[in-house]
Amino acid sequence: MQKVWLFMVVTVILGAVSCQYKKEQQAESQEQKDTTVASIPDSTIVGTSGDFGQSTFSLITEKGDTLELLRELPNGDPSSIAGDIDSEQRYAITYEKKDGELFLKTAVNLTQLETFAKEYKLANGAVVYNNDTLNIEVLNDTAFIAKGRSGKVWNVKKK
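Keep in mind it's a predicted model, so treat the numbers as computed, not measured.

Regarding its fold elements, the protein presents 2 helices and 11 strands. Traced from its N-terminal end to its C-terminal end, the protein shows the element sequence α-β-β-β-β-β-β-α-β-β-β-β-β. The buried share of the protein, reckoned over its 159 residues, is 33%. For the protein, the accessible surface area stands at approximately 10700 Å², while carbon and sulfur atoms represent 52% of it.

All right, on to the sheet that holds strand β11 (residues 153-157) then. Backbone hydrogen bonds are what pair the strands of a sheet, in a parallel or an antiparallel way. Pairing in this open sheet of 5 strands is antiparallel, and the strands run β7-β8-β9-β10-β11 from one edge to the other. A strand with exactly one partner marks an edge of an open sheet, and here the two such strands are β7 (120-123) and β11. Direction aside, neighbouring strands of the sheet carry axes that sit 35° apart on average. Pairing of strand β8 (residues 126-129) with strand β9 (residues 132-139), which is carried by 3 bridges, proceeds in the antiparallel orientation. Paired with V128 across the bridge in β9 is T133.

We now examine the environment of T111. Tracing the backbone shows T111 in helix α2 (residues 110-113). Accessibility expressed as a relative area gives 31% for T111, which makes it partly exposed. In sequence terms T111 and A92 are 19 residues apart; their C-alpha atoms lie 9.9 Å from each other. Separated by 2.8 Å, the side chain of T111 and the backbone nitrogen of R90 make a polar contact.

So, about the packing of aromatic side chains. The description of an aromatic ring pair rests on the distance of the ring centres and on the angle between the ring planes. Enumeration according to the criterion identifies 4 aromatic pairs in this entry. Ring geometry for F57 and Y91: centres 5.2 Å apart, planes at 85°, overall edge-to-face. One end of the pair, F57, is in strand β2 (residues 56-61); the other, Y91, is in strand β5 (residues 90-98), with 34 residues separating them in the sequence. In terms of burial, F57 and Y91 fall into one category: buried. Centre to centre, the rings of F116 and F144 are 5.9 Å apart; their planes meet at 25°, and the pair counts as stacked. Taken together, the positions of F116 in the loop between α2 and β7 and F144 in strand β10 (residues 143-148) put the pair 28 residues apart, joining distant regions of the chain.

Inspection of the sheet shows strand β1 (residues 45-52) paired to β5 by 4 bridges, in the antiparallel sense. What sits directly across from V46, in β5, is A92. Taken together, the 4 bridges between β1 and β2 define a ladder with antiparallel strand orientation. Looking at β2, one finds that G47 is bridged to T61. Where β1 folds back onto β2 in an antiparallel hairpin, the turn is made up of 3 residues.

Before going further, it helps to spend a moment on the pattern of salt bridges. Under the definition given, this model contains 1 salt bridge. R90 is the salt-bridge partner of E114, the closest N and O atoms lying 2.9 Å from each other. Taken together, the positions of E114 in the loop between α2 and β7 and R90 in strand β5 put the pair 24 residues apart, joining distant regions of the chain.

This paragraph deals with the layout of surface pockets. Estimated volume of the largest pocket: approximately 210 Å³. The wall of the largest pocket is formed by S80, A82, T106, A107, V108, N124, G125, A126, V127, L134, N135 and I136. Broken down by secondary-structure element, the contributors of at least two residues to the lining of the largest pocket are β4 (80-82), β6 (101-109), β8 and β9. Of the residues in the lining of the largest pocket, the class split is 7 nonpolar, 5 polar and no charged.

What counts, and at which threshold
- Residues numbered from 1 in each chain as written.
- Predicted model: local features only at pLDDT ≥ 70, side-chain atom pairs only at ≥ 80, totals over all residues.
- Heavy atoms only, no water.
- Helix = DSSP H or I, 4+ residues; strand = E, 2+ residues; numbered from the N terminus.
- Buried < 20%, exposed > 50% of the residue type's maximum accessible area, 1.4 Å probe, protein only.
- Areas by Shrake-Rupley, 256 points an atom, 1.4 Å probe, with all protein chains shown as cover.
- Pairing = 2+ DSSP bridges.
- Axes fitted to C-alpha atoms, helices over the stretch in contact; angles between N-to-C directions.
- Polar contact = N/O pair within 3.5 Å; in protein donor to acceptor, adjacent residues only side chain to side chain.
- Phe/Tyr/Trp six-rings, centres within 6.5 Å; stacked < 30°, edge-to-face > 60°.
- Salt bridge = Lys/Arg side-chain N within 4 Å of Asp/Glu carboxyl O.
- 1 Å grid on protein atoms, 1.4 Å probe; cavity = no way out; pocket = protein on both sides within 12 Å on 5 of 7 lines; lining within 4 Å.
- Points joined across faces, edges and corners; volume = space filled by probe spheres on them.
- Nonpolar A, V, L, I, M, F, W, Y, C, P; charged D, E, K, R; others polar.

Put into structure tokens, the structure is as follows:
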């Protein structure tokens, strides 16, 4: 009976230590990913949206250039767009150029984002909020739902 009791105690202790070690490894891994994103030269372009078609996206950059982009990637996958697509809105985008065409990779409606989050940074098309790189799941005039790489979830809704 004592051997069984001793075995159970040792198992619980090893399990607890193992879980803590895994959490520390995950935290270090996340920190390395966030540092890597920040160390790559930023490819984000910010501007104001112009006209749209069903498959096009127009952006007037802060430098005054007009970009006419296709809203799909060269392989046919759709572009990743967080927020509504409206004229005269501020956007942060990334794009890919192939065979003389510009393909929208990512777009974030900054006008809508800023109604929920004022203190954010942009890094290669990603939104960094509270030192956490976000995957925006919902962004519109009434809701902002995002999950950080850290696992934290932001769920903000307007009344």
